[in-house]
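Structural overview
For reference, the chains in residue letters:
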Amino acid sequence: MKAAFEKLQARFNLLENRLYAVAIDYQHYIDNNFLNNRLYELRDNVIYRLFSSNFHIHLLIRQQSEIRHRCVQMMNDGNWDIIQGMGPVHPIRDQYKKEISSIFDSLLYHIVSTFDFTSSLVNYIYAKKQDKQNNIKWTSLTRIARDVNNLLFPSSISEAILKHDQFVSKLYGYRSNIIHEKGDLNDIAVNATLGSKNSIAIGFVATPKLIKTFSELKKIAGRDVLSSVYVSFWLLNKAIDHITDLLFEIKANVQQIENPPGGILVVIDPITKEHLSVSKAYWFEEDYIKNKK
């Protein structure tokens, strides 16, 4: 688990740097004034929502540990309710399922919110001056990208948005369903060993409905179940993947702008003498290309 968190934190740090890079490139290639506070605000909100998503995985694991501690205490006190049948309703297990599922639902909220702030960031980069302050949800962004009369995004960016929507729309759809139609509680798995020293393993598994939402998860699961923790890491890592790819697609697009205004700080190419953006130190493009292979 420690290794999974360390890897996630490293990927989070890379994405944070790349969010700084895209803001630097905006200033270099599109608008070199220092009055882009809204851009920095949106960038920081994307970072905050990613942090919140990561924090909720910590909460999920911590709560699982707390629940296991309670169950061990119950067994040591001679209370076997957690492993005994209690009819069609099992109040103790139902309580634990609700605790874990409420944290998992909040994780989904933060991941979806990350994409909403990302879409407002994309809008800021490409919108006309009077429209840059608009809050644009991801669903609105994709609607603009699909419009044959779309004048906001270059074709490459519209195509990128629609490509990433194949993941985001499923995430949106699932979250909308559990909010507006029917809750979908993570199930509990209990494995107890009784003897001279009682022991119990407590786990929570992602729902079949969620697994079926994402074909890749369905393929990974096969005939088995996937833990709520595994799916949490998978969802956040996927979100990082899609946002990272979108940032690099924006990078490639804005670098094609002819006669950019240039930033206050620039790097001068020793051969062409061209004034380049100082964002290079933040993109870690070599790592990105290597990991995409």
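Everything below is about the structure printed above this text.
**Brief notes about helix α3 (residues 91-126)**
- With 36 residues, α3 ought to run about 52 Å at 1.5 Å a step, and its terminal C-alpha atoms sit 53 Å apart, in line with that.
- Buried residues dominate α3, accounting for 27 of its 36 residues.

**Concerning unusual backbone geometry**
- Backbone geometry at Asn259 places phi at a positive 50 degrees, although glycine is not the residue there.
- Structurally, Asn259 can be placed in the loop between α8 (228-254) and β3 (266-268).
- Classification of Asn259 as exposed rests on a relative accessible area of 75%.

**A look at the packing of aromatic side chains**
- Applying the stated rule across the entire model yields eleven aromatic pairs.
- Seen in terms of ring centroids, Phe51 and Phe55 are 6.3 Å apart; in terms of plane orientation they differ by 5 degrees. Their pairing is stacked. Here the residue Phe51 and the residue Phe55 both occupy positions in helix α2 (residues 37-76), the gap between them amounting to four residues, near one helical turn.
- Look at Phe55 and you get partly exposed, because its relative accessible area is 36%.
- Here Phe115 and Phe167 contribute two aromatic rings whose centre-to-centre distance is 6.3 Å and whose plane-to-plane angle is 55 degrees, an arrangement assigned as tilted. Here Phe115, found in helix α3, pairs with Phe167, found in helix α5 (residues 155-180); they are 52 residues apart in sequence, far enough to count as distant.
- Put simply, the rings of Phe115, Trp138, Phe167, Phe214 and Trp234 touch in pairs and so form one group of aromatic residues.
- Just above the ring of Tyr124 sits the side chain of Lys132; from NZ or CZ to the centre is 4.9 Å.
- One cation-aromatic arrangement involves Lys251 over Trp283; the distance from NZ or CZ to the ring centre is 5.7 Å.

Cut-offs applied
Residues numbered from 1 in each chain as written. Predicted model: local features only at pLDDT ≥ 70, side-chain atom pairs only at ≥ 80, totals over all residues. Heavy atoms only, no water. Helix = DSSP H or I, 4+ residues; strand = E, 2+ residues; numbered from the N terminus. Expected span 1.5 Å × (residues − 1). Buried < 20%, exposed > 50% of the residue type's maximum accessible area, 1.4 Å probe, protein only. Phe/Tyr/Trp six-rings, centres within 6.5 Å; stacked < 30°, edge-to-face > 60°. Lys NZ or Arg CZ within 6 Å of the ring centre and 35° of its normal.

Purely geometric stuff here, so don't read any function into it on its own.
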